[in-house]
Amino acid sequence: MALQILTANRLTDGVAVWYDVDGRWSESIAGAQIARTKEEADRLEAIGRKAFEDNLVLDVNLIDVEETEAGIRPLRLRERIRAEGPTIDYSVLA
Amino acid sequence: MYRYDEFDHAFVAGRVAQFRDQVERRLSGEISEDAFRPLRLMNGVYLQLHAYMLRIAIPYGTLNAKQMRMLAHIARKYDRGYGHFTTRQNIQFNWPKLEDTPAIMEELATVEMHAIQTSGNCIRNVTADHFAGAAADEAADPRPYAEILRQWSSVHPEFSFLPRKFKIAVTGAERDRAAIQVHDIGLHLRKNDKGELGFDVYVGGGQGRTPMVGKKIRDFLPEEDLLSYVTAIMRVYNLYGRRDNKYKARIKILVHETGVEKLSAEIEEEFRHLRDSELKLPEEDVARIRAFFAAPALPERPEGWANLAAWKKADPDFARWVDQNVKPHKHPDYGMVTISLKPIGGIPGDASHQQMDLIADLAEEYAFDELRISHEQNVILPHVALADLEAIYRALKPANLATANSDLITDIIACPGLDYCALANARSIPVAQEISKRFGSAERQAEIGELKIKISGCINACGHHHVGHIGLLGVEKKGAELYQITLGGSADNETSIGEIIGRGFEPEKVTDAVETVVNTYLGLRLSPQETFLEAYRRVGPQPFKDALYGATAEAA
């Protein structure tokens, strides 16, 4: 199976977060906990479901990733953009 | 413009208090996301890829300087310093925190704004010609009727849970600039020989995955029957519109599947019951609303004619901007100014808080405190004396707001696409940026002439690609982005849906493909006066297919 990680958006501010190796919802994908087996994926999915029910996060998803020299890389462009932010140089507060 | 009365203030304040309570209960865990989601959507709060998104209504695209400054303030205080003006004349903020949204609503209410009915299966913001009340070709200002429809449709108990969302657009000008034929209901306000006002009524237009051009079901509906007739349409739709399949739930599908004659007969029958009801518009009520939209008293400014000629002669860039971005006003000493939110290589429709503040200052100083947002994602100063154009241009230029490209190839409509949107399959903004850069030279744009490119990042078509002269639709194919090109769409009086020209193009090839289409047009047009759309309608798709895929290739 493809490697998988758990991602969601934080309830309070909607910011994209990833479930990390320390069991926290992190704003960075870099330290995300990777499921390498069906059992591990099921366990992550259950953690996600519980976090949703506990009103910590929403839009919870297991996503397919690969490990590269640069770190964890989602397979879908959508998830890469979620991890890295908009690909455009948008106006920011000076 | 319309000013809230006590009832409006109380209603919006009540709604803010209600929403504050809902957010508090959500954050405390008292209510689940499943229960909260419809509540937040009723108040314009979506969840996108990176954050929540707040869509604020700008009724029929009209706002004043104070309201624009409030939008700048919200961008600064609660967001990342910018906002995105949309194809429905609204503004979206991309990074608000849920916990801040009640405070944002409260601040908005102080300037008579809100985010109610900017989402959900209800009647959305009623849109109108962005030159309303100023255009030389106008029979009457459509905004009083848009306002009447807004009041009537706000939390209308019968129409708050429709089969699907519902969009109404109104124009009062001969030339349709509000894309009324691609709305659920399109209203074309006209004046007859006796000086009476009435509406041509179109139903069942729309874009999305099943694009349809609206069908005219009424010529010159009397003004007083506006609400009775629209109610009749809504009732027939509410009764027969499909609720089993969201992709078949819009009124366009009902019109298509039922047939326009049969559906029209049902609407007329319902209207027969309603026309003498309390929905009949009393003339004094219409007059009262119309008074809010009275044009400002425009003093004679004849000195502008000579000044303008001299300034244009002295500065070719200014001349180009005037020729492209200033359109004739009812009053000969005035013009309607389009402030382009499409700088070359920029993000279509985005404005920074500094730009919003500057635009507000200019509206106050030179434009009678009036602003409009166009569905083409630009800002309009509707009443500007020709004598003041030079000062406005000098102020806009350093803020990157004086791009002379209104209606030209770089005046691109683009949805937020996969850079922000949870529904998108492909990015729109980077494609728009690259095309804008490729065709950015003023000389080249002038040579090409009027050409509307519209880009959507998914089949929902927020970027209006179906009605682009050149439309681009981003799709996901085998995990990568691919862009389908459609040609020959338009959203004017002769609305047409663009035709898919062939197989799609990869992101790195799509700008070349657009250039091939443009060069093909330049090579075959009969004269520089023949626009892209006219040329396409004359020759059809084949020369473009040949140029893109080779003369022998079969189009996919």
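Residues numbered from 1 in each chain as written. Chains lettered and ligands numbered in written order. Predicted model: local features only at pLDDT ≥ 70, side-chain atom pairs only at ≥ 80, totals over all residues.

Participant: Help me get a handle on the interface of chain A and chain B, residues and values and all.
Facilitator: Taken together, the 25 residues of chain A in the interface contact 26 residues of chain B. Only strand 4 (57-68) and helix 2 (77-84) of chain A provide two or more residues apiece to the side of chain A that touches chain B. Taken together, the residues of the side of chain A that touches chain B sort by class into 13 nonpolar, seven polar and five charged. (Contact = placed C-beta atoms within 7 Å. Helix = DSSP H or I, 4+ residues; strand = E, 2+ residues; numbered from the N terminus. Nonpolar A, V, L, I, M, F, W, Y, C, P; charged D, E, K, R; others polar.)

Participant: Please give an account of the sheet that holds strand 5 (residues 91-93) of chain B that cites residues and values.
Facilitator: Where strands meet in a sheet, backbone hydrogen bonds hold them as pairs that are either parallel or antiparallel. Residue and element names in this part refer to chain B. The antiparallel open sheet is built from five strands, whose spatial order is 1-2-5-4-13. Either end of the sheet is taken by a strand with one partner, and the two such strands are strand 1 (45-47) and strand 13 (350-352). Between one strand axis and the next, the sheet turns by 30 degrees as a mean value, whatever way the strands run. In this structure, strand 4 (residues 82-85) lies alongside strand 13, joined through three bridges in antiparallel fashion. Considered in strand 13, the bridge of His84 is made with Asp350. (Pairing = 2+ DSSP bridges. Axes fitted to C-alpha atoms, helices over the stretch in contact; angles between N-to-C directions.)

Participant: If you had to explain the sheet that holds strand 11 (residues 326-328) of chain B to someone new, which residues and values would you point to?
Facilitator: Residue and element names in this part refer to chain B. The strand order across the open sheet formed by five strands is 3-14-15-12-11, and the pairing between neighbours is antiparallel. Unpaired on one side and paired on the other, strand 3 (62-63) and strand 11 mark the two borders of the sheet. Across the sheet, helix 13 (residues 389-396) is in contact with strand 11, strand 12 (334-339) and strand 15 (379-385); its angle to strand 12 comes to roughly 10 degrees.

Participant: Could you give an account of the nonpolar core, naming the residues involved and the relevant values?
Facilitator: Residues and elements named next belong to chain B. With 180 residues, the main nonpolar core has Met68, Val170, Ile233 and Ile359 as its most contacted residues. With nine residues, the single largest contributor to this core is helix 6 (residues 226-240). Apart from the residues within four sequence positions on either side, Ile233 is in contact with Ile185, Val203 and Ile267. (Core = buried A, V, L, I, M, F, W, Y, C linked by C-beta atoms within 7 Å. Buried ≥ 20, exposed ≤ 12 C-beta atoms within 10 Å, placed from the backbone.)

Participant: Residues and numbers for helix 13 of chain B, please.
Facilitator: An α-helical turn contains 3.6 residues, so a residue and the one three or four places further along point in the same direction. All names here are of chain B. Taken as a whole, helix 13 has its buried residues at Leu389, Ile392, Tyr393 and Leu396. For helix 13, the buried positions fall inside an angular range of 100 degrees around the axis, keeping them on one side. As for helix 13, its buried residues are in contact with helix 10 (303-314), helix 11 (316-325), strand 11, strand 12, helix 12 (353-366) and strand 15. (Arc of directions from axis to C-beta.)

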